[in-house]
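Observations on the model geometry
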Amino acid sequence: MKLTLKVWRQKNNADQGKFVSYPVEGISKDMSFLEMMDVLNEQLTEKGEDPVHFDHDCREGICGMCSMYINGKPHGPQQTTTCQLHMRSFNDGETITIEPWRAKAFPVVKDLVVDRSSFDRIIQAGGYVSVNTGGVPDANEIPIPKKIADEAFDAATCIGCGACVAACKNASAMLFTSAKISQLSMLPQGQVERKERAEKMIAQMDAEGFGACTNTGACAAECPKGISLTNIARMNREYFSAVVSSENV
Ligand code: SF4
Ligand code: FES
């Protein structure tokens, strides 16, 4: 395949940034999108030019690092991560536009790399269990109904990629935050800090500058892990019950 890549180049956060077009050749339909970006970077390096900076780690769809808009959609035309997107989803001769996530809470570091430490700070605010659980218990010592275990596991599959924020017209982080709150609120181990967790994580989410949810559902439609909007409803219930019980103390 021959392609034209229209790539966002930005030296640093202070730089205004601009699109630069690059032709690439010899792309196989079986390459992943990131492998295609590697080909571009080899070409740029051979010419002595600065390669395009982009994040990646696992290249297996589990770390959530490979964030970028492809033709205006988070992670491109398929509901998957960029590293799991293959060039067979594109046509020979196509022009592909590639940009970094656009959200106030995800400032651009360089080119396609954004700073997603705002997500880390939301987790630090309450996305953990700090009680001493002692040694490793037998797997069946705390029976958890299958339906609840499955729902908690589904919520836990969120990889923190930020596509939900990138897809949302309000740059809301409610799908991400709700997945993290849900996964702990449904399990016995998460009960001790359940109330303060919802309040603290939502307060941090707001402090980071993420927008509000207006129930459009673009987040769930683009989420590579299929995190459900049900988690947002559960997070709202967690929050209101925490606030009401704090006021009654
Ligand atoms: S909810 Fe989905 S889109 Fe959002 S960070 Fe988690 S995995 Fe990514
Ligand atoms: S590089 Fe890890 S999810 Fe894509």
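Reading guide: rules and limits
- Residue numbers restart at each chain and count upward from 1, following the sequence in its written direction.
- A letter from A marks each chain and a number from 1 marks each ligand, given out in the order of writing.
- Residues qualify for local features only when their pLDDT is at least 70, as the model is predicted, and side-chain atom pairs are given and counted only at 80 or more; totals for whole chains, interfaces and linings, by contrast, use all residues.
- Computation of side-chain values covers all heavy atoms of the structure but excludes hydrogens and water.
- Per the annotation, domain bounds derive from an automatic or database assignment of domains.
- Buried area: the accessible area, evaluated with a 1.4 Å probe, that two parts lose upon being put together, summed over both parts.
- Within 3.5 Å is the distance limit for a polar contact, defined as a pair of N or O atoms, with the added protein rule that one can donate a hydrogen and the other accept it, and that residues adjacent in sequence qualify only through two side-chain atoms.
- Residues are grouped as follows: Ala, Val, Leu, Ile, Met, Phe, Trp, Tyr, Cys and Pro are nonpolar; Asp, Glu, Lys and Arg are charged; all remaining types, including Gly, are polar.
- When we say a residue is near a molecule or strand, we mean one of its heavy atoms is within 4 Å of it.
- In the cavity and pocket records, a cavity denotes points on a 1 Å grid over the protein atoms alone where a 1.4 Å probe fits but cannot get out, a pocket denotes an open set with protein on both sides within 12 Å along at least 5 of 7 lines, and lining residues are residues with an atom within 4 Å of a point.
- A molecule is counted as occupying a cavity or pocket when more than half of its atoms fall within 2 Å of that pocket's grid points.
- Grid points are joined across faces, edges and corners, and a volume is the space filled by probe spheres set on the points.
- In DSSP terms, a helix is any run of H or I states spanning at least four residues, a strand is any run of E spanning at least two, and both are numbered starting from the N terminus.
- Throughout, nonpolar core names a set of buried Ala, Val, Leu, Ile, Met, Phe, Trp, Tyr and Cys residues whose side chains join them through atoms within 4.5 Å.
- Using a 1.4 Å probe on the protein chains alone, a residue whose accessible area is under 20% of its type maximum counts as buried, one over 50% counts as exposed, and one in between counts as partly exposed.
- Contact between two residues is taken to exist if any of their heavy atoms lie within 4.5 Å; hydrogens are not considered.

Some details on the domain arrangement of the protein chain
Assigned domains of the protein chain: these are domain 1 (3-42 + 51-103) and domain 2 (116-131 + 142-248). Centre-to-centre separation of domain 1 and domain 2, based on C-alpha positions: 28 Å. Across the domain 1 to domain 2 interface the summed buried area is about 1100 Å²; carbon plus sulfur atoms make up 53%. In terms of surface lost to domain 2, no three residues of domain 1 exceed P74, Q79 and W101, which account for 40% of the buried area on that side. On the surface where domain 1 and domain 2 come into contact, there are seven residue pairs in polar contact (both at pLDDT 80 or more). Here the side of domain 1 that touches domain 2 is composed, by residue class, of seven nonpolar, seven polar and one charged.

Description of the site of ligand 1
Taken together, 13 residues surround ligand 1, and among them C158, C161, G162, C164 and C223 come closest. Structurally, ligand 1 is housed in the largest cavity. Tallied by class, residues from the shell around ligand 1 come to 11 nonpolar, two polar and no charged.

Some thoughts on empty space enclosed by the protein
What the rule picks out here adds up to two cavities of 30 Å³ or more. Approximately 100 Å³ is the volume attributed to the largest cavity. C158, C161, C164, C223 and I227 are the residues nearest the centre of the largest cavity, which is lined by 15 residues in total. Mapped onto the lining of the largest cavity, the elements with two or more residues apiece are α4 (163-167) and α5 (174-185). Per-element accounting of the lining of the largest cavity gives the leading share, three residues, to α5. Considered as a void within the structure, the second largest cavity measures approximately 40 Å³ in volume. Together, A125, G126, Y128, E193, E196, R197 and K200 line the second largest cavity.

Some words on the nonpolar core
One finds F106, F119, V165, L175 and F210 to be the most contacted residues of the largest nonpolar core, which totals 35 residues. Here this core takes five residues from α5, the largest share from any one element. For this core, the domains that each give at least three residues are domain 1 (3-42 + 51-103) and domain 2 (116-131 + 142-248). Apart from the residues within four sequence positions on either side, L175 is in contact with C164, C219, A220, C223, I227, S228, L229 and I232. Judged by nonpolar contacts, the second largest core, of 28 residues, contains Y22, M36, L40 and L85.

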